Each structure stands twice: as structure tokens, then as C-alpha cells.
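# Structure at a glance
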Amino acid sequence: MKQKKKQEKKNKPILSFAIANNTLIIFDNLSKLYAVDLVTGNLIWSKNNKNPFNSQIKVFDNKIYAIDMSNILRCYSLLDGSEIWQFKSEDTFLKSTKRNSLIIRNEKVFFNNSMGDITAVDAKNGSLLWQIPTQSSLIYENAFSLVMSDLVSDNKNIIFSNNRNEFYSLNLVNGFLNWKQKINSSVRPIFYDQFIFTISDEGYFFVIDGKSGNVIRITDIFNIFGKNKRENIKPIGFVATLNKLILSTSNGRVIVIDIKSGKVDSIFKIDNEKISRPFIFDNKIINLMDFNCDQRNSVHFFYTLPFEKNKALIETTWLSNMTDDSIMDYDEQIKEYIEQNLKIKNYDIIFKEQGQILLLKLAQELEEYGKVEQLPVLEGKKMIMFVSPKKAKKN
């Protein structure tokens, strides 16, 4: 953001986002909060908080809700950023880096703090409805190492888990415990009909009966990795489609799992490092490498990488020596893919970029004279590549 000072940028702030009524809400871990007009890009308001924020952002009824590092749930006005109310839950001396989770159901806010307490408050005025501690006072000293999953609700119950081998189901109305299972998981669980799905930190796929809490099936997903490798691999997040589970991992893989059998269908390498939880785009799963397209005697595929349910990056990729100009009708390729493959007719292109492609082509043409020191990198709206001259050959 242009409004951020140079020193703030050097601190590499971690940002959280939410969108409501064409307004982009931004909170960071430097105690700042902003509202930006999505149409014009103009700053609507900017505020400071006493403590950095460390949670998801939720917007409801022209109010913004977030939790800061002191375990205080704060409610702000969407219109001007003024604080409406706050609710203080118990604080810890050591601060956890894991983002706290909150959900809003039936005009109530449900949230967890870094000590493992689950709290329900009235969304209008912040009055306490109920609070349930999930960790004993003896464990409070180790709250820094507690990692909890996001809270998930089916409008009757709340489910969540942690890295202390605990999986909970609570009644949404009164906070009473429905059941508790021994499952070690830090990823967001999901409701799937009458079942609950989760992936343990060790890479096991659990199917749980939502009503009784009984474990119906356990499948070892990480058996596709070697014994030594799997110890260093963690699940990041997963989503479910009609019959598939899509799991991302800390070593940059995406694993496709058949829900009925629990077996791994396929695995894709996206990176060598941690990648985000998968997203659903237009009620369909992401297309990581879709080869169902015109190949033109080369290797051609598309990526569809969603940011939201109705916003995604779509990329056409060719593996070729780039000497065939006929494959460079990229705009037409993407248009055809969106309309014919994704079956989307009503859409807007809000940003288009092919600078990296052109710079790589330039690098190839200059191969005789220079060597690429840094591959093209997008900085703002500028694509930058560094090329150093080759030493002249001696006669």
C-alpha cells in the first residue's frame, strides 16, 4: 500500500484481508487497520490499535471483528473504523504466532484465544454468552506451543482440534461438550454430510461420525513419502469436492484423495516449500495442471489458482523453445479456456500480465552475449530481470 511508511515495509508486515460492500479491510501485525475502496483504490480510513492483530477478520452487519495479540476480541465500525466494543479474554506472557480463529453464527461471535479457550459473545454488544477452557491451568505455561485448527460450524455444533491430540465437538448454543477424540491435527476440519473429515499432523485421513464422534476410518496418506521424509512433512489444509479430497503439504505438494476408498489418486509438485490451503473456484476444485487443451505439437497446460470463490488467476503455460510464434496467441487461448473448459461466460479480466514471457524470450535472443543472473521477478507492476555480459572470447 502507498500509505505504508518505508520503515513499516522493512518490517515485512503480515496482512489479513476481508471484503464487504466494495470495501477491502486490511489488518496487519503492526497494529494497523485500514479500509480501501475497491473501485477507486482510495484509502477510506486508517486506524491504530494498541496491540498487533493475530486472527482472521470477519465482517457482519457493518461491523468488523478481529482478535489482537493480547487475546482481546475487538469490534470496529465498517464505516469509519471507530471501535464499538471489546471483549478481553485471558492473556499469556508468551505470544503464539498461530492465527486465532473466529466465526459468526446467529448474531453471535465464537472465537478461540492462544490459551485454547473457546468463547461465545453477542455480536452486537460483546456481552459474554459462554466460555469453555480446553486446556488445564498446568498447560497455560506452554500456550506458546499450542496450535489450534480453525473453528468450523454446521449451525448446530462447533468442531476444532489442536496439536495436543484433542479433537472437540461443542454445542453451538451452550458450549456443552458433545464428544472428544484423540486426534492430533492443526488443520481446518470439514463437515461432509453426516461425517467430519480431518487430516492429522502425521498425515492420516480420519473419517468421523459427526453425531457420536466415533472414528469410522483411518487412512495413511503420507505413506506415499519415504519414512525419513514424512517426518518433516506436515499437512497445510484441504478441501472436499463431490468425491475427492485435495490436500496441500508443507513440501509444496498437492495430493488428490478418493473420498470413498481413502486412497491417493494422484500427487502434483507445485513447489519445494510450503503452499497455501487449496481453494474452491466457482464450486469446482482448482485445476493445477490441466492438459485438456490444444497441444500444437508441444507441451501445453493451464493453471487455475483461485483467490476467492469468484476470483482466480488463470495461466496458460507452454514448454517449448519459444521459436513458434503461432503458440503466442495467449489472450485467445485464455479466453477459449475460460469459456469452453471452465464453462464461464460472464466474467471480467481485471489484470493481465505477460512480461515474464517476453523477458525470457529476450534472454534467449541475448544468450550469445549475456547470462541471466536473476530470472524475471514482478515488483508492483514492473517485471525485472538481471542480465550480465559474457566475457569476450580470446582469439
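Quick caveat: nothing in here was measured; it's all calculated off a predicted structure.

The geometry of an aromatic ring pair is captured by the separation of the ring centres together with the interplanar angle, meaning the angle of the planes. Within the structure shown, the criterion is met by twelve aromatic pairs. With a centroid separation of 6.0 Å and an interplanar angle of 80°, the aromatic rings of Phe27 and Tyr76 are classed as edge-to-face. Of the two residues, Phe27 is situated in strand E2 (residues 23-28) and Tyr76 in strand E7 (residues 72-77); the sequence distance between them amounts to 49 residues. Members of the aromatic cluster, connected to one another through ring pairs, are Phe27, Phe53 and Tyr76.

Residue placement: Ser16 occurs in strand E1 (residues 15-20). Since its relative accessible area comes to 9%, Ser16 is described here as buried. The contact partners of Ser16, leaving out residues within four places of it in the chain, are Ile25, Ile26, Phe27, Ser55, Ile57 and Arg99.

What follows deals with the sheet that holds strand E16 (residues 177-181). Pairing in this open sheet of four strands is antiparallel, and the strands run E13-E14-E15-E16 from one edge to the other. The open sheet has two edge strands with one neighbour each: strand E13 (152-153) and E16. Strand direction decides the pairing type here: E13 and strand E14 (residues 157-162), joined by two bridges, are antiparallel. For Val152, the partnering residue across the bridge sits in E14 and is Ile159.

Time to look at unusual backbone geometry. Positive phi, close to 55°, is recorded for Asp61, a residue that is not glycine. Structurally, the position occupied by Asp61 is in the loop between strand E5 (58-60) and strand E6 (63-67).

To continue, consider the nonpolar core. Nonpolar side chains tend to gather and get buried jointly when the protein is soluble and globular. Judged by nonpolar contacts, the single largest core of 17 residues is most densely connected at Phe197, Phe205, Phe238, Leu245 and Leu247. Where this core is concerned, the elements lending two or more residues are strand E17 (190-192), strand E18 (195-199), strand E19 (204-209), strand E22 (244-249) and strand E23 (253-258). The residues contacting Phe197, other than those within four sequence positions of it, are Pro189, Ile190, Tyr192, Phe205, Phe206, Val207, Phe238, Leu245 and Ile259.

Parameters at a glance
- Residues numbered from 1 in each chain as written.
- Predicted model: local features only at pLDDT ≥ 70, side-chain atom pairs only at ≥ 80, totals over all residues.
- Heavy atoms only, no water.
- Phe/Tyr/Trp six-rings, centres within 6.5 Å; stacked < 30°, edge-to-face > 60°.
- Helix = DSSP H or I, 4+ residues; strand = E, 2+ residues; numbered from the N terminus.
- Buried < 20%, exposed > 50% of the residue type's maximum accessible area, 1.4 Å probe, protein only.
- Contact = heavy atoms within 4.5 Å.
- Pairing = 2+ DSSP bridges.
- Core = buried A, V, L, I, M, F, W, Y, C linked by side-chain atoms within 4.5 Å.

None of this, on its own, says anything about what the molecule does.
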